[in-house]
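# Breakdown of the fold
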Amino acid sequence: MKFTSILSLTVALCVAAVHAAPNPVPVAAAAIPSNAVVINGAPNDKAKKKPTTTTPAKPKKSKTPSKKEKSKSTKKVTKKVTKKATKTTKEASTTTKKASTTTKKPTTTPVKKPSTTTTPVKPTPVVPKVDPCSTLASQGKSSDSILTWEAVRGCYQAQAYDPAHAAKILTSVENLVGNVYVFLDQAKAPSKAPFRTPQVDIMAELKKFRTRKFKSDYEFNMALTYMTFSVNDGHFAYRNDCYKTATFTQPISLYAPVVDGVQNIRVFYADEAQKGVPKGGLTDCVVSTIDGVPALKAVQDFTDRTSAISKDPGVRLNDALASTSWYNEWMVSPGGFSKRWEVPAKATMEYTIQCGAAAPQKLTVPWIVQPSDAFLPHTFKDTKTYWNVQCLAPLSPYDNSRKNNDVDPRRSNDAPGHRTNGLIEAPGTKIFRERGSIRLPSGGRNGRNGAPAIISKAKEVLLTATTAFYQINKSNTCVAVIASEEAAYFKFDPSDYLEFIAGLEKLRDGGCKKLILDMTNNGGGSVDFAYFINLLFFPKAKPYFVEDLRSNNLAQAAAKIAIKQSRVQSVFDARGYVSMATNKVYTDHSMFTKGVNYKRGGTTSTYTQKNYFEYGWSFLPLAANRTLPWAAKDMAIVTNGFCGSACTMIATRFNIEHKVRTYAIGGIQKTPLSYFTFPGGFVMDNDAIFKDVQTLGYKGTNNPTKLPVQGWTRVAVGEIYATEKSTIPLEYDTQYFAANVHLDQDPISARNPDNVWIKIAADF
C-alpha cells in the first residue's frame, strides 16, 4: 500500500476519535506547539506556511530501515490498520468515509514542503481611542449633571505638560510673591506651639519647579498649589481654574467628637439614597479606618496637605470635618474631607464602621462627581478645546460671569480712607464657601433620634446682612452670631453698619446682661467694618491695628510715581495710609522710601514704616442715651478657630487689648486650640497688582505679570501687629493664638450651637 493510504487511514482515526470524545478540545488549541508565539489566539509559526487544516508535527529523525525491513513492516501495519479502519469507517460520517484506504484523492491538503517565507498575520483591529475630554463634555450638559471620576481624571491628565507654558506660570508667581508677599521671609522660620507647620522657602521651591519633570500639566499645577498651601496662610495660594471644574462629594460626612473621654471619627450625616450607603442609619457610628488607614490619621493627613487655613493642626482638622454655622441661614458645611475639588486617588472610598454593639461593617462608597461653578458646558468637545476654553487666559468669550463672585460692587468703598479686604476673598474663605452645605432631607434631619431644629434653646431677635441676634431662653444672656465682616458702607448708604447697631440695641433693650459673640466659620471681609465694631464696643480705645508692607525696589519706585497722581488709586500710594508715628495721613512717599529693616527666616529685608488705615463714622460714638451696656467682663467670644482676616481684627482686639474671654471648640483633644487664623492685613491677587503697576507706568524688571491661565495667585500684602511695639507680625506671634478655654466637640453641640452658648454662659 502506498504511503498516502496510510496517511488517509491515520486521519480517519483522528476524526473518529474527535467525534467520539465527550468534551472535544478545539483542534487549533490542541495543535499549538509549546514554543509557538500566539497572535490574536492563533500560533505564528514563521517556519511554516499557514495550512488549511492541522498539520501533524514533523517526526523526529531516526535510522532509515532497509527496503526489506520497510516492506515487511508495511505489510504488517497495513493489515492491522485496514481491519480497524473498515470498522471505524462504518461508524464515521459521510466526510469520514472519503478518507478510506482507497487510492482516491484525500480531502485533506497533502503535506507540502515547509515554506521558508514568513506567514502573513491578519492585522489586529484598531479600536479608536476615546478622547477623555470628549467623554467629559458629553457627561457635563448642565450644572446638575453627574460626571464620572474616570472622565474627570482622564481629561485633567490628558493635558500635556509644556515646560515653556509652566515657566510662564512660575514667572508670574515668582514676581508676585517675590515683590509683594509680606510673609515671604517669615515663612522660612521655624514655628512654635500651638503651630505645627513646615518652614517653606517659597522662592527656592519655585526655582526647583523649573528643573522638575512632570507627567502632565495637571500634576505640575497640583504640585504648585500644594506648595503654596504648605505655608498654611489662608491669605496665600495659587489655584488654576482649569483643574477645579468638578467637585467630588462623599455622601458620608464626618466629625470628631469626644464621647466618654475618647475622641474618634464618627458619621455626622449619611445620605442613604446614595450608592454604597446602607439603610438604617449610620449617624454617630464610629469610623475606625478610611482606605485602610486609622480614620483620625487619614483625615488629619489629608487636611494638613490641602487645607492651608491655619498653622494650627487643630483648626485644620476642624476645616476637614462637618460643622454647623450661620451665613444668611443656618447650614451644615460638609467639610473639606467629604467635599473636595482635587481628584481623589480612587473612584471610591472605603470605610470600616462600627455602630454600637453591632459587628463592624466595611463600606465601599463611590464619589459623587458633579460640575463646579467653573465648568463651562457646551463650550468644549475634546482635549484641545478643553484646554482652550477652560484653561488658557484670557477668559473665554463663552464666560459671562466667571469671577463676579470675587467682587461685590456693594463693598467697593468710595469713601476716602475706607479700605476693604472684602473685594478679593482670602483663598481660605473662598475654598470653604465653595463646598456649600449638606443637603439634608426635608425636616432638617441631622440626628439619629428625629429632626430637631438647629436652634431650639434661643429666640431669634433680628437678622442683618452680617449677623443673627439671639436671646437664650429664660436667660439674661444674648448672642450675636457674626458670620462675616462683608458690610457695605457708602457715603449714601451706611445701612449695614446701622443695622448692626440696631441688633445690639434690641438685645440691650431686651434685658441682656451678658453677650456672646459667635464668630464660627467667619472668613473676614471689610477691615473698615472690623474697626467699626471695635470702636462701637470700646469707644475710648484705638480700634485699629498697625501694619506694614514690604518696601523693595518695586514698592519704592512705584511709591514715587503714585504720590504724583491726582488721587489715591494705588496700593503703593502712601496717601492711603496714616502714620503710626504722627497719626496723620502721609503726604509724601517716605512711608516706603524710609523703611525699617527686619531679619526674618535668616533674611534681612526692608518693610515700610508702621501705619494704619484711616477711619471715621459720623454716627459714632453713640449718643449717651444709646450706649451699649456690656463691659469686657460681660462678653465672651467663641469660634472653631476659623475666624480669619477681618474677623481676627475683632476677636484679637477684644482679647489682647480688653481681655474678653475666648473659647475655641473642636480641634484635637487635650491640645490648645487657636481661636483665630490668618490675621494678615489685607489680600490682593496677581491681576490687581499687575493692573496697579501697569497703571502707574512703572517699567522695572521682574514686575508682576498676568497668569497665562484662568486662575489666580493671592497673597497677604500687609501684616498687622498685636501691639504698636511688636516686631513679630501677629500671623507668627504664637503667644496670642490659644483660646482661654478649649471646649471639646460632642454629638449635640456639633449640631446645635445653642448648647455651646449655654455652656459658655455658665462659665463667665
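Further up the page is the structure itself.
Described below are features of the structure shown in this document. Owing to the predicted nature of the structure, the values given are computational and were not obtained by experimental measurement. (Residues numbered from 1 in each chain as written. Predicted model: local features only at pLDDT ≥ 70, side-chain atom pairs only at ≥ 80, totals over all residues. Heavy atoms only, no water.)

So, about helix H8 (residues 202-209). The set of residues buried in H8 consists of Ile 202, Leu 206 and Phe 209. Mapping the buried residues of H8 onto a view down its axis gives an arc of 50°, with all of them on the same face. The secondary structure elements touched by the buried residues of H8 are helix H7 (163-180) and helix H9 (217-229). (Buried < 20%, exposed > 50% of the residue type's maximum accessible area, 1.4 Å probe, protein only. Helix = DSSP H or I, 4+ residues; strand = E, 2+ residues; numbered from the N terminus. Arc of directions from axis to C-beta. Contact = heavy atoms within 4.5 Å.)

Ile 202, Phe 532 and Phe 537 are the most contacted members of the largest nonpolar core, which totals 120 residues. Contact partners of Phe 537, with chain neighbours within four places excluded, come to Phe 500, Leu 504, Leu 515, Leu 628, Trp 630, Met 635 and Phe 654. Ala 151, Ala 320, Phe 337 and Ala 750 belong to the second-largest nonpolar core, a separate cluster that totals 63 residues. (Core = buried A, V, L, I, M, F, W, Y, C linked by side-chain atoms within 4.5 Å.)

On to the pattern of salt bridges. The full count for this structure, using the stated rule, is 26 salt bridges. Asp 291 is paired through a salt bridge with Lys 346; the nearest N and O atoms lie 3.4 Å apart. Highlighted residues: Asp 291 in the loop between strand S9 (286-290) and strand S10 (293-294) and Lys 346 in the loop between strand S13 (339-340) and strand S14 (348-354), separated in sequence by 55 residues. With its nearest N and O atoms 2.7 Å apart, the salt bridge here joins Glu 425 to Arg 433. Note on Glu 425: relative accessible area 12%, which makes it buried. Taken together, the shared-partner salt bridges connect Arg 239, Asp 241, Lys 244, Lys 430 and Glu 434 into one network. (Salt bridge = Lys/Arg side-chain N within 4 Å of Asp/Glu carboxyl O.)

This next bit is on the sheet that holds strand S17 (residues 458-463). Pairing within the open sheet is mixed, and its seven strands lie in the order S17-S18-S19-S20-S26-S27-S30. Of all the strands in the sheet, the pair left with one neighbour each is S17 and strand S30 (741-743). Neighbour to neighbour, the strand axes of the sheet diverge by 25° on average, direction disregarded. Where helix H20 (residues 753-761) meets the sheet, it contacts S17, strand S18 (467-472), strand S19 (477-482), strand S20 (514-518), strand S26 (635-639), strand S27 (661-665) and S30, and its direction lies at approximately 135° from that of S20. (Pairing = 2+ DSSP bridges. Axes fitted to C-alpha atoms, helices over the stretch in contact; angles between N-to-C directions.)

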